[in-house]
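# Tertiary structure, described
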Amino acid sequence: MPTFPSIKELQGFKVVFFDLDNTIYPYEPAHKAALNSALTKFAFHYDLDMDTANNLYREARKIINQRLHGQAASHSRLLYFKEMLTALNHNTQFSDALQFEKIYWQEFLTEMIVFPEALKLIKQLNKRGIVLGIITDLTAQIQLQKMKKLKLETYFSHIITSEEIGVEKPHSAIFRHALNLFEVDGDQCAMIGDNIKTDQGAENLGMKFYLV
Ligand SMILES: [Mg+2]
């Protein structure tokens with residue numbers, strides 16, 4: 001369970017930004033269940049053992065991560081599965097790539113649960129009239145679905161995804177966009193996130209960073 005800053009520490013800020021993945025909900029359990037579900041079906045469908053399917057996935061992810069480094073699509077599960085099919089010379093099985101992506105995210109959304117501490121803090125901040133935003137790496141389509149599933153839509157004024165900005169955290173463009181959107185200066189804002197390498201980029205724009 002992450003430790004969040006107290007409401008006392010945060011009440012002086014005009015806007016509090018949250019990272020989404022692994023800050024508001026635990027990423028690993030949802031990802032593990034989703035990947036297991038998708039790869040089990042992948043292995044069965046293409047008559048592979050699970051180790052082979054796992055290795056294919058890891059290799060495909062590596063290729064896409066490297067090729068699209070710093071862009072939202074570098075995390076695209078559709079591109080991972082498409083790349084796995086290319087490796088197997090099944091590159092024309094487009095509907096399979098779509099199907100495995102669908103299985104992955106369906107299972108992920110089913111397994112995902114909010115951190116109770118995060119929800120408590122979000123509600124407290126909301127009650128005190130502190131404006132909330134999300135700054136997250138990944139494509140808008142799935143990040144919006146996560147917000148819907150977590151029933152958090154009503155608490156946040158904006159969600160900013162790296163897909164919309166064209167760069168990922170810690171690039172200052174994504175944080176600058178957030179400040180412009182909320183019409184605030186960096187020193188009026190806090191950023192709460194689980195990743196010191198990416199979320200801490202908020203400090204370069206004068207925001208106070210809290211690692212959870
Ligand atoms: Mg995160």
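Residues numbered from 1 in each chain as written. Predicted model: local features only at pLDDT ≥ 70, side-chain atom pairs only at ≥ 80, totals over all residues.

### Brief notes about the environment of N126
For N126, the location among the structural elements is in helix 6 (residues 116-127). Assessed through the 15 C-beta atoms surrounding it within 10 Å, N126 is described here as partly exposed. Distance in space between the C-alpha atoms of N126 and L211 is 20 Å, their sequence separation being 85 residues. In contact with N126, not counting residues within four places along its chain, are L132 and Y155. (Helix = DSSP H or I, 4+ residues; strand = E, 2+ residues; numbered from the N terminus. Buried ≥ 20, exposed ≤ 12 C-beta atoms within 10 Å, placed from the backbone. Contact = placed C-beta atoms within 7 Å.)

### A word on the nonpolar core
Formed by 55 residues in total, the largest nonpolar core has its most connected members in V16, F17, A190 and I192. The greatest single-element share of this core, amounting to six residues, is contributed by helix 2 (residues 27-45). Structurally, this core is a two-domain feature, drawing no fewer than three residues from each of domain 1 (7-26 + 113-211) and domain 2 (28-111). When sequence neighbours within four positions are dropped, the list of residues in contact with F17 reads G133, I135, A178, C189, A190, M191 and I192. (Core = buried A, V, L, I, M, F, W, Y, C linked by C-beta atoms within 7 Å. Domains from an automatic or database assignment.)

### Focus: the sheet that holds strand 5 (residues 208-211)
Read across the sheet, five strands follow the order 3-2-1-4-5 without closing on themselves; strand pairing throughout is parallel. Every other strand in the sheet has two partners, leaving strand 3 (158-161) and strand 5 as the edge strands with one partner each. If you compare each strand with its neighbour and ignore which way they point, the axes differ by 20 degrees on average. Bridge count for strand 1 (residues 15-18) against strand 4 (residues 189-193) is four bridges, and the pairing is parallel. Bridged to F18 within strand 4 is I192. Packed on one face of the sheet, helix 9 (residues 172-182) meets strand 1, strand 2 (131-136), strand 3 and strand 4 and runs near 155 degrees to strand 2. (Pairing = 2+ DSSP bridges. Axes fitted to C-alpha atoms, helices over the stretch in contact; angles between N-to-C directions.)

### Brief notes about the packing of helix 4 (residues 77-87) against helix 5 (residues 94-111)
Where helix 4 meets helix 5, the closest approach of the two axes is 8 Å, and the angle between their N-to-C directions is 135 degrees. With respect to helix 5, the element helix 4 is oriented oblique. The hand of the helix 4/helix 5 crossing is right-handed. Packed against helix 4, whose contacting residues are R77, L78, F81, K82 and L85, the element helix 5 presents D96, A97, L98, F100, E101, Y104 and W105 at the interface. (Parallel < 35°, antiparallel > 145°, perpendicular 65-115°, else oblique. Left-handed = near helix turned anticlockwise from the far one by under 90°.)

### Brief notes about the domain arrangement of the chain
Annotation of the chain at the domain level lists domain 1 (7-26 + 113-211) and domain 2 (28-111). Residue-level contacts link 13 residues of domain 1 with ten residues of domain 2. Elements with a contribution of two residues or more to the side of domain 1 that touches domain 2: helix 7 (140-149) and helix 8 (162-165). By residue number, the principal contributor to the side of domain 1 that touches domain 2 is helix 7, which donates four residues. Here the side of domain 1 that touches domain 2 is built from residues that sort into four nonpolar, four polar and five charged. (Nonpolar A, V, L, I, M, F, W, Y, C, P; charged D, E, K, R; others polar.)

### Describing the pairing of strand 3
The pairing of strand 2 with strand 3 spans four bridges and is parallel. Each residue of the ladder has a partner; that of I135, found in strand 3, is I160. Once the chain exits strand 2 it traverses helix 7 before rejoining the sheet at strand 3, and the crossover so formed is right-handed. (Right-handed = clockwise from strand over helix to strand, strands pointing away.)

### A few points about helix 5
When the terminal C-alpha atoms of helix 5 are compared, their 26 Å separation across 18 residues agrees well with the 26 Å that a helix rising 1.5 Å per residue should span. If you check which residues of helix 5 are buried, you get A97, F100, I103, Y104 and F108. With its buried residues spanning 125 degrees around the axis, helix 5 presents them on a single face. Away from its buried face, by an angle of more than 90 degrees, helix 5 presents the exposed residues F94 and S95. Tucked into the core, helix 5 has its buried residues touching helix 2 and helix 4. (Expected span 1.5 Å × (residues − 1). Arc of directions from axis to C-beta.)

### Overview of helix 2
Taking 1.5 Å per residue, 19 residues should reach 27 Å; helix 2 reaches 27 Å between its end C-alpha atoms and fits that length. Packing partners of the buried residues in helix 2 comprise helix 3 (50-67) and helix 5. In the stretch just after helix 2, D47 is the one whose phi turns positive, near 55 degrees.

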